[in-house]
Amino acid sequence: MPHCKITLSSNAGTALSLGQVRMWSDALHGEKVPGFSTVSPTLWEQIKTHEAFQSPNLIFYTHCHPDHYSRDLTAQAKVRWPYAELILPEREFDDQILISGQQDQLCLHGLSLRFRKLTHEGEQFAQVPNYGCIINDSGFRILIVGDCAVANPQLAEFIGDTNINLALLDFPWVTLHKGRVFIEQYIRPQHLVVYHLPFAQDDEWGYREATARAVQQLHGIPDIRMMQDALQQEII
C-alpha cells in the first residue's frame, strides 16, 4: 500500500496526501526570486482545481520568505477552503495556529506533528523563524526542514534515533558534500525527495543538471527522486 502521494506546486511547495488527510507545505508563494520559479497566476488557477490540492486539512509554512509563502494566495486559499487549519511560525492571520519556541507539537487529523526551530541557511537569514517538522502518520515519518542550514547539528539533534521514512530536502543538501554526508549519517531516509529546484525555463544556473549528477554520489538511500516540474506527482 502506498503511504503518501506528493504533488509539487513550485520550489519546495507540496501537497501531501496521507490516507484521507491532505497537508500542504510551503505550497503557495507568488514572488519570483531570480533563478527560481514560483506559483504564477496560471499555475495558481491549475492548483485551484487540481485533484491533489483539493480540500486541504492543514496548510503549513516552514517560514515566511517570499519563495515559500504568499499571504495573498494563502488568504485566497482560506476563502476557498475555510476548514483548512493554517500553521505558521509568524503571526499572519487571527485564526492561524502559531508555532513558536525551540520546539512545538501538535496532533491534528490523526497526524502527530513535531516542530523544531532550525537556523535558516545564510548568515543574513539566521534570525528568520524557520521550522522543521516530523510528521508521524501511524508510524510513517516524514521529515520537512524548510531552508534549514545544510548539515545543521540542530537537525541531527531533532531527528535523534527517529526512523525517517521520507525526507524532503532542498537540493543543496545533495549538491554539497557536507549535505550528502549528513543525509547518510543522520537522516538515513528510506525515501528522499529533492526539491526547491527551478522549472526548466527558469534554470539560469544549471541547478537541475548539477542535482541530477550529485544524486548519483549519495550512498545507502534506497529511493531518491527529484521533484522539479509543476504538478509533478510521486507516490511513496
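Draft legend 1. Looking closely at the packing of aromatic side chains. Taken as a whole, this structure holds 10 aromatic pairs when the rule is applied. An angle of 55° between the planes, with centres 5.4 Å apart, marks the rings of F60 and F115 as tilted. A residue pair is termed long-range when its members are at least 10 positions apart, and F60 in strand β4 (residues 58-60) and F115 in strand β8 (residues 111-117) qualify at 55 residues. Using a relative accessible area of 0% as the deciding quantity, one classes F115 as buried. Look at F171 and Y207: their rings are 4.7 Å apart centre to centre, the planes differ by 35°, and that puts the pair in the tilted class. In this pair, F171 is assigned in the loop between β11 (166-170) and α4 (172-175) and Y207 in helix α6 (residues 207-215), connecting sequence segments 36 residues apart. You can call F171 buried: its relative accessible area is 7%. Three or more aromatic residues joined by ring pairs form one cluster here, namely F36, F171, W205 and Y207. Above the plane of the ring of F93 lies R71, whose end atom (NZ or CZ) is 4.2 Å from the centre.

Draft legend 2. Molecular detail of the pairing of strand β3 (residues 21-25). Burial analysis of β3 places 5 of its 5 residues in the buried class, the great majority of the element. Here β3 shows no split at all, with V21, M23 and S25 on one side and R22 and W24 on the other all buried. Where strand β2 (residues 14-18) and β3 come together, 5 bridges link them in antiparallel fashion. Residue pairing in the sheet places L16 in a bridge with M23 of β3. Between β2 and β3, which pair antiparallel one after the other, the connecting turn spans 2 residues, and G19 there sits at a positive phi close to 60°. Between the parallel pair β3 and β4, the chain is carried across by helix α1 (residues 41-49), and the sense of this crossover is right-handed.

Draft legend 3. Summary view of the environment of E51. Looking at where E51 falls in the secondary structure, it is placed in the loop between α1 and β4. In this structure E51 comes out as partly exposed when scored by relative accessible area, which is 44%. The spatial distance from the C-alpha of E51 to the C-alpha of T7 is 9.9 Å, given a sequence separation of 44 residues. Setting aside anything within four residues of it in sequence, one finds E51 in contact with K5, R22 and Q233.

Draft legend 4. Molecular detail of the nonpolar core. L113 and I135 are the most contacted members of the largest nonpolar core, which has 52 residues in total. Not counting residues within four places of it along the chain, the set of residues in contact with L113 comprises M23, L58, I87, D104, Q105, L106, L108, C133, I134 and I135. Listed in part, the 28 residues of the second largest apolar core include V150, I164, L192 and L218.

Draft legend 5. Highlighting the sheet that holds β8. Strand order in the open sheet formed by 7 strands is β7-β8-β9-β10-β11-β12-β13, with mixed pairing between adjacent strands. Edge strands, defined here as strands with exactly one partner in the open sheet, are β7 (103-108) and β13 (223-226). On average, adjacent strands in this sheet sit at an angle of 15° to one another, irrespective of strand direction. In this structure, strand β12 (residues 191-195) lies alongside β13, joined through 4 bridges in parallel fashion. If you follow L192 over to β13, its bridge partner there is I224.

Draft legend 6. A look at the pattern of salt bridges. Considering all chains together, one arrives at 11 salt bridges under this definition. Of the charged contacts, one joins K78 and D95 as a salt bridge, the two residues approaching to 2.9 Å between their closest N and O atoms. One end of the pair, K78, is in helix α2 (residues 71-80); the other, D95, is in the loop between β5 (85-88) and β6 (97-98), with 17 residues separating them in the sequence. With a closest N to O distance of 3.0 Å, D223 and R225 form a salt bridge. Summarising the burial analysis for this pair, D223 and R225 share the class buried.

Cut-offs and rules
Residue positions are given per chain, counted from 1 along the sequence in the order it is written. Where local features are concerned, this predicted model is filtered to residues with pLDDT of at least 70; where side-chain atom pairs are given and counted, the filter is 80 or more; whole-chain, interface and lining totals use all residues. The basis for every side-chain value is the complete set of non-hydrogen atoms in the structure, without hydrogens or water. Any two of the Phe, Tyr and Trp rings considered here, Trp counted by its six-membered ring, make a pair once their centres fall within 6.5 Å; the pair's planes then place it as stacked at under 30 degrees, edge-to-face at over 60, or tilted in between. Under the DSSP-based scheme used, a helix requires at least four consecutive residues in state H or I and a strand at least two consecutive residues in state E, with every element numbered from the N terminus. Three exposure classes are used, based on accessible area relative to the maximum for each residue type with a 1.4 Å probe and protein chains only: buried under 20%, partly exposed in between, and exposed over 50%. Any Lys NZ or Arg CZ that is within 6 Å of a ring centre and within 35 degrees of that ring's normal is treated as a charge sitting over the ring. At least two bridges found by DSSP between two strands are what make those strands a pair. Call a crossover right-handed when, viewed with both strands pointing away from you, the route from the first strand across the helix to the second goes clockwise. Contact criterion: two residues are considered in contact whenever any of their non-hydrogen atoms come within 4.5 Å of each other. Definition of nonpolar core: a set of buried residues of the types Ala, Val, Leu, Ile, Met, Phe, Trp, Tyr and Cys, connected through side-chain atoms within 4.5 Å. Angles shown run from 0 to 180 degrees and are taken between the N-to-C directions of axes, each axis being a line fitted to C-alpha atoms and, for helices, limited to the stretch in contact. A pair is scored as a salt bridge if a Lys or Arg side-chain nitrogen falls within 4 Å of a carboxyl oxygen belonging to Asp or Glu.

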